[in-house]
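Close look at the chain arrangement
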Amino acid sequence: MPALERLVGLRVVADPAALDAARWHGSDVTVLRFAPDDAFAIGAEGVDIEDEYAIVEPEAGFAGAWLSPDAVGRHAEWPLPAERPALAQGFVATVPAKVWLPDDRDDGAVLLLTAAAYADELESRLR
Amino acid sequence: MTEGGRIVVDGAPVAFEAGDSVAVAILRAGEVPGHGGTLCLAGDCGNCLAEVDGTAYVRTCQTRAEPGLRVTRHPAPGDGMPPLPEVASVDLTSPPTGREIEVRHLDVEVAVIGGGASGRAAAADAERAGRSVVVLDAGAGDEVVAIYAGPLVVARTPAGMVLVHAHEIVAATGTAEVHPVCPGNRLAGLITARAAEALHAAGVDLGEAVAIGTPPAGVSATVLDGGLVRFEANDATGRVRAVVTADPTTGAETTTLADTVILGLGRAPRDLLARMAGTAPVAVVGAAAETQPLPPAPTEGLICGCMGTTVEDLGVAWDRGFTELELLKRASQACLGPCQGGACLPNVRAWIAARTGDVPEPFTARPASRQITLAEAGADGFVDAFRRTPLHDEHLALGARMDRFGGWWRPWHYGDAVAEYWAVREGVSIGDVSTLGKLVVSGPDVVALLERIYPCHVADIKPGRSRYALLLNERGHVMDDGMILRESETRFVLSFTSGGAANAEMWLRDWIEVWGLRVHVLDRTMSLAAINVTGPLARALLVRAGLADPPRFLGHVHADVAGVPCHVMRLSFTGEAAFELHHPVDQSVALWRQLMELGADLGIRPHGLQALFGLRLEKGHVIVGMDTELDTTPRRLGMDWAVRMEKPRFIGRGSLERTAKLPDHRRWLGFQMDGAAPAEGTPIWSDGDVVGNVTGSWTSPLLGKALMLGWLRRTPFPERVEIDGRVAAVAPTPFYDPEGHRARA
């Protein structure tokens, strides 16, 4: 079980259409769309977005690790999505978590992430 | 294999032979493992259950006899339940480990339950197809107790629990034998044909045996003709003395003396596991998949030995309208015992079929199919997760005693709560308040939203200023409280209690949707940490940390403190000047250490919840959830000042307007008395009656007496009450600095 590492980026809540069209600054940015109006852009250092009321905040409140789907699935009482890319949210080992399933990983790994406040607990439960 | 030896049954030694189960050993000794009833010795019924080595409800027929194993028979039916086991004292301040039972995960394509001929054939077929297979056979010690969606098969094994993650499940579980239902069927000496076969193989003397149905090969027994009518008792031994059968044509009864009655009354699918599978892909094969005829409908006698339900009981429940199997079992308790209908379900279905003409489908089964211990059930399972602030390890390093509060691990104290209290009152102290709920709301309709959400005014809060607010529901009851901090014309930060943030967020989102307002919401509770710097020297410390001009009371600014970007809020919960520093979680440790270092010569020390609760109690501040009840109104708290009824509308306004005209018999008040503070929750007495309870208590180091907050539920509210056997006086709050000079300093 690799350690859950802190994920740093930008958290943006904005009109869904504005988020769709947002331009992210930074290299190797991964945008996780938690909700139509809510995105966590891992690795992002800035964003251009057409919503004057958008909430844009630095985000360091999540931790995650790349794991095999089986390693995550055995601790979830719900099936991981079959399609990719996909973002799933639910309890993993009874801890609120999210699972990012990209379509560009050769090893098929998925990113398990949770609030940093839960990271130690989740890590100990998956060990 | 054990070579034989002795087990201890109800305190007396009982010899066993190699290969004996506990039940067989007891039967070999001429005793019975339970309290009579037909024994199947196949794990299907509940008639051999006993306490084994301290664990109740163990199927002794499935438990191998080992030297020294201690067996205690359960109380006879009607004499109560087996006693609960002794539980060792548990340190509740430490997270439970739940690791006492080994748990192994197994990933296979096919899990076969049952190692009989059909199970082995299914496994062989799967293997030939190149699929990974595991066979779980109770006879080999792998006892499947549950099937869940997933699919997941849970098995109890001698080495612990095995969780099998399978793509497909094959249930090759065979059949169970039908138990007799007639008068006398609770007597000892009644066994099924399979049980007779097992006892014969073990060399157990059955005495004078008779058989209804075909006895197993090699078992010597007189085969009786005719239908079973009743069993008669040997009153001296409590065992069966005779069996009475009736000629199916003439009805003439025949009484046959017997020590043992072997019952071959038919079979029923052993399908309990398949019936709990739900949508999991389970294929039932072999005898378990075959349709079996139901037994004759019973007319008299005990139908459910586990729960003591008689055929007459079924009739009573039926006549009351419980005329479906699912309802009937609940009303009569038949099939609800330890064997979950393993013995009685075929008879209950037959009884219903005789009344309705339709055979009811078996009911859905629920895990676990066998009695398992709580440790087995909880193995590899988890309790609710409690969050840790980024300062968790700092607290531990400082010797904090951690406790769970509001869904978080929090420092209760650092070894000396009174010293922490004095640091706040006379010097400077820091506390970890990262757990507070923190929402950002932004949008063109944000003022309209907050004006409707909160009972206080919002529009007049200027950017850079803040206001305390209650959060009410439609009934005018207090849901939460916190601060409203305005950042710009269209953006606010809202704070909530540690345990209330998630509900508050949902509350806001729901109303935004209902009202169709344009407001964005972002929950920052777990993205921002917060440190409360409080005490008369707090301001001086922040100046040292680079905050040249700390905000005045109820002001807030964004500024660097010790090099860390902070949202600095000038508030007070402790009664002294206080600054909350909200900052990114990944910089919290650095900020904490800087503050501790910069404040060293000021006598800084951290404070935990115990001191914080005492400090707030002296100020009479409410803690929603701890002091409040589900129907607490601002009036009951004495907080009408937080509600502006001149506002045309806000959530709860209508209810407050109506209830304001009604008398109220509850008040949350302050109390004081000499001596040490009583425990929170202590009843409050008046004239011999309990008239309330204490919600917060603290022995004030400053005032030298016990201070309490609590409820009175009797009018007229008495001025003196009795708490913890002492006279206490109702006292105005705040107890400390009522004018608020120190908080605003």
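Residues numbered from 1 in each chain as written. Chains lettered and ligands numbered in written order. Predicted model: local features only at pLDDT ≥ 70, side-chain atom pairs only at ≥ 80, totals over all residues.

Right, let's talk about the overall build of chain B for a bit. What chain B contains, in helices and strands, is 18 helices and 42 strands. Relative to the globule expectation of 27 Å for 745 residues, the C-alpha radius of gyration of chain B, 35 Å, shows a markedly less compact shape. Once the C-alpha set of chain B is aligned to its principal axes, its extents read approximately 105 × 65 × 55 Å. Put simply, chain B has 745 residues, and 47% of those count as buried. For chain B, the share of sequence-separated contacts (at least 6 apart) that also reach a separation of at least 24 residues comes to 65%. (Helix = DSSP H or I, 4+ residues; strand = E, 2+ residues; numbered from the N terminus. Rg over C-alpha atoms; globule rule 2.2 N^0.38 Å. Buried ≥ 20, exposed ≤ 12 C-beta atoms within 10 Å, placed from the backbone. Contact = placed C-beta atoms within 7 Å.)

All names here are of chain B. Between helix α10 (residues 417–426) and helix α15 (residues 609–619), whose axes approach to 8 Å, the crossing angle comes to 55 degrees. It follows from the interaxial angle that α10 and α15 lie oblique. In this structure, α10 meets α15 at a crossing whose hand is right-handed. In this structure, α10 contributes Ala417, Glu420, Tyr421 and Val424 to the contact, and α15 contributes Gln610, Ala611, Gly614 and Leu615. Classifying every residue of the contact of α10 with α15 by side-chain character gives five nonpolar, two polar and one charged. (Axes fitted to C-alpha atoms, helices over the stretch in contact; angles between N-to-C directions. Parallel < 35°, antiparallel > 145°, perpendicular 65-115°, else oblique. Left-handed = near helix turned anticlockwise from the far one by under 90°. Nonpolar A, V, L, I, M, F, W, Y, C, P; charged D, E, K, R; others polar.)

All names here are of chain B. Of the two faces of strand β18 (residues 260–263), the one holding Thr260 and Ile262 and the one holding Val261 and Leu263 are both buried throughout. Of the pairings in the sheet, the one linking strand β12 (residues 190–192) to β18 comprises three bridges and is parallel in character. Each residue of the ladder has a partner; that of isoleucine 191, found in β18, is isoleucine 262. Both strand β13 (residues 209–212) and β18 contribute to a ladder of four bridges, which runs parallel. Each residue of the ladder has a partner; that of alanine 211, found in β18, is isoleucine 262. (Pairing = 2+ DSSP bridges.)

Glancing now at the pairing of strand β41 (residues 720–723) of chain B. Two faces make up the sheet, and in a regular strand the side chains alternate between them. Residue and element names in this part refer to chain B. Only one face of β41 is buried, namely the one carrying Val721 and Ile723, since none of Arg720 and Glu722 on the opposite face is buried. Of the pairings in the sheet, the one linking strand β38 (residues 683–686) to β41 comprises two bridges and is antiparallel in character. Each residue of the ladder has a partner; that of isoleucine 684, found in β41, is isoleucine 723. Note: β41 against strand β42 (residues 726–731), four bridges, orientation antiparallel. Paired with isoleucine 723 across the two strands is arginine 726, which belongs to β42. Between β41 and the antiparallel strand that follows it, β42, lie two residues; aspartate 724 among them carries a positive phi value of about 60 degrees.

Two orientations exist for strands paired in a sheet by backbone hydrogen bonds: parallel and antiparallel. All names here are of chain B. With respect to topology, six strands assemble into a closed barrel ordered β37-β40-β39-β38-β41-β42, the strand pairing being antiparallel. Strand-to-strand twist in this sheet, taken as the mean axis angle between neighbours without regard to direction, amounts to 45 degrees. Most of the contacts of α15 go to strand β39 (residues 689–700), to which it runs at about 115 degrees, and overall it touches β39 and β40 (705–712).

The subject of this paragraph is the environment of B:Ala677. Residue and element names in this part refer to chain B. Summarising the element assignment, alanine 677 is placed in the loop between β37 (667–673) and β38. Residues alanine 677 and arginine 6, spaced 671 residues apart in sequence, show a C-alpha to C-alpha distance of 58 Å. The residues contacting alanine 677, other than those within four sequence positions of it, are Ser697, Trp698, Thr699, Ala706, Leu707 and Met708.

Another point: the environment of B:Val348. Residue and element names in this part refer to chain B. In this fold, valine 348 is placed in helix α7 (residues 345–356). Owing to 28 C-beta atoms within 10 Å, valine 348 belongs among the buried residues under this scheme. Separated by 245 residues in the primary sequence, valine 348 and valine 103 have C-alpha atoms spaced 37 Å apart. In this structure valine 348 touches Ile303, Ala334 and Cys335, once residues within four positions along its chain are discounted.

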